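Single-letter residue listing:
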Amino acid sequence: MSRFSLSVVIPAYNEKARLPKTLDLLLDFFRDPAFDAEIVVADDGSADETFAIAERYSRDWPMIRALTLKEHMGKGGALALGVQAARKDWILLYDADAAIPIVELRDFIQAVGSGFELLIGSRDVRGSSFVVRQHWLRKRLSRVFTLFRKVLVGLEEIQDTQCGFKLIRTALAKKIFSNLTTVGFLYDVEILARAKILGASILELGVQWEHVPESKVSVRRELPHILRQLWQIRSALKRFKKEQNAAASAT
């Protein structure tokens with residue numbers, strides 16, 4: 001049986017406290033000979049020692065690579081850097097806080113055999129569970145975001161676009177992250193909508209999730225900006241769809 005070829009791409013911004021533990025967990029998990037894995041840490045121009053830590057790990061462990069942006073761009077920008085550098089057949093987008101246990105990957109790999117190209121973790125479908133729940137206000141504001149996202153952008157069939165656990169075929173990932181217009185934390189909305197425009201087969205799977213209180217995103221504070229950015233994503237997707245239609249007509 002062939003080994004599963006996987007690049008784990010971790011966006012990291014000022015993660016010196018959490019990154020070592022997450023890398024240790026991943027190194028232990030990928031001792032399993034069923035995997036042909038690499039770990040790509042994409043530093044988002046951190047102001048702390050995040051990149052230095054990733055570089056130190058890369059010297060000790062050949063399966064780890066450390067990349068960095070010259071300046072802070074946002075989570076989407078860091079992921080775009082890591083995705084374009086990925087060398088394996090599949091890419092797992094994985095948050096530096098390891099809020100979702102890496103063992104969830106096994107269920108995702110089983111679903112790959114059914115022909116899906118993009119599998120997204122979800123906290124809002126059957127099979128999901130919580131170790132530590134979100135504060136009620138954050139959860140309510142997240143529901144407001146979901147409502148506006150469905151109205152402005154679509155993706156009505158997807159319940160949770162923002163979960164930081166996504167398994168994507170590498171060829172598809174490189175297409176949907178190429179020239180991404182959303183470099184901040186709403187990148188998920190744009191890449192999922194792009195994948196849908198490209199006709200990718202998408203599956204949403206429930207995952208175990210632990211709320212990490214040190215989240216860098218305040219939905220309440222960012223809500224006005226979120227609404228503006230959703231509108232910008234709507235416009236960008238119209239352009240992307242026209243480009244794809246034009247490319248299809250030219251062939």
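This write-up is about the structure you can find in this document. (Residues numbered from 1 in each chain as written. Predicted model: local features only at pLDDT ≥ 70, side-chain atom pairs only at ≥ 80, totals over all residues. Heavy atoms only, no water.)

Regarding the pairing of strand β4 (residues 90-94)
For β4, the tally of buried residues reaches five of five residues, placing the bulk of the element in the interior. Residues W90, L92 and Y94 point to one face of β4 and I91 and L93 to the other, with burial holding for every one of them. As defined by bridge partners, strand β1 (residues 4-12) adjoins β4 across four bridges and the pair is classed as parallel. Following the sheet pairing, V9 is matched in β4 by L93. In this sheet, strand β7 (residues 165-169) lies alongside β4 in antiparallel orientation, the contact comprising five bridges. (Buried < 20%, exposed > 50% of the residue type's maximum accessible area, 1.4 Å probe, protein only. Helix = DSSP H or I, 4+ residues; strand = E, 2+ residues; numbered from the N terminus. Pairing = 2+ DSSP bridges.)

Quick word on helix α3 (residues 75-85)
Residue pairs spaced three or four apart in an α-helix point in one direction, given the helix's 3.6 residues per turn. Of all the residues in α3, the buried ones are G76, G77, A78, L79, A80, G82 and V83. Where α3 is buried, its residues contact β1, β2 (35-43), β3 (64-68), β4, α6 (170-177) and α7 (187-197). (Contact = heavy atoms within 4.5 Å.)

Things to note about the packing of helix α1 (residues 19-29) against helix α2 (residues 50-60)
Packed helices, taken two at a time, are described by the angle their axes make and the gap between the axes. At their nearest, the axes of α1 and α2 sit 10 Å apart, and the two run at 25 degrees to each other. As summarised for this structure, α1 and α2 are arranged roughly parallel, according to the angle between their axes. Crossing handedness for the pair α1 and α2: right-handed. Contacts from L19, P20, L23, D24 and L27 in α1 reach T50, I53, A54 and Y57 in α2. Partitioning the contact of α1 with α2 into residue classes produces seven nonpolar, one polar and one charged. (Axes fitted to C-alpha atoms, helices over the stretch in contact; angles between N-to-C directions. Parallel < 35°, antiparallel > 145°, perpendicular 65-115°, else oblique. Left-handed = near helix turned anticlockwise from the far one by under 90°. Nonpolar A, V, L, I, M, F, W, Y, C, P; charged D, E, K, R; others polar.)

Notes on the sheet that holds β7
Taking strand neighbours across the sheet as the criterion, the seven strands line up as β3-β2-β1-β4-β7-β5-β8 in an open arrangement whose pairing is mixed. Only two strands of the sheet have a single neighbouring strand rather than two, namely β3 and β8 (202-206). For this sheet, the mean angle separating the axes of adjacent strands, direction not counted, is 20 degrees. Sheet topology note: the β1/β2 ladder contains nine bridges and is parallel. Within β2, the position partnered with A12 by the bridge is D43. Against the sheet, α6 makes contact with β4, β5 (118-122) and β7, and its axis sits at roughly 105 degrees relative to β7, the strand it touches most.

Let's talk about the packing of α3 against α6
Packing of α3 against α6 brings their axes to within 9 Å, and their N-to-C directions diverge by 140 degrees. Classified by the interaxial angle, the pair formed by α3 and α6 is oblique. Considering only the axes of α3 and α6, their crossing is left-handed. Between α3 and α6, the contacting residues are G76, L79, A80, V83, Q84 and A85 on the first element and A173, K174 and F177 on the second. Taken together, the residues of the contact of α3 with α6 break down into six nonpolar, two polar and one charged.

Let's talk about unusual backbone geometry
A positive phi is found at N14, a non-glycine position, where the angle reads about 50 degrees. Structurally, the position occupied by N14 is in the loop between β1 and α1. Its identity as a non-glycine residue notwithstanding, L155 has a phi of 60 degrees, on the positive side. As for its placement among the helices and strands, L155 is situated in the loop between α5 (136-152) and β7. On the accessibility criterion, L155 (3% relative accessible area) is buried.

Describing the packing of aromatic side chains
Using the criterion set out here, one finds seven aromatic pairs in the structure. On the numbers, 6.1 Å between centres and 25 degrees between planes, the contact of F4 with W90 is stacked. Of this pair, F4 sits in strand β1 while W90 sits in strand β4, and the two are 86 residues apart along the sequence. With relative accessibility at 15%, the residue F4 sits in the buried group. With a centroid separation of 5.1 Å and an interplanar angle of 90 degrees, the aromatic rings of F30 and F35 are classed as edge-to-face. One aromatic cluster is present, built from ring pairs that chain together F29, F30 and F35. (Phe/Tyr/Trp six-rings, centres within 6.5 Å; stacked < 30°, edge-to-face > 60°.)

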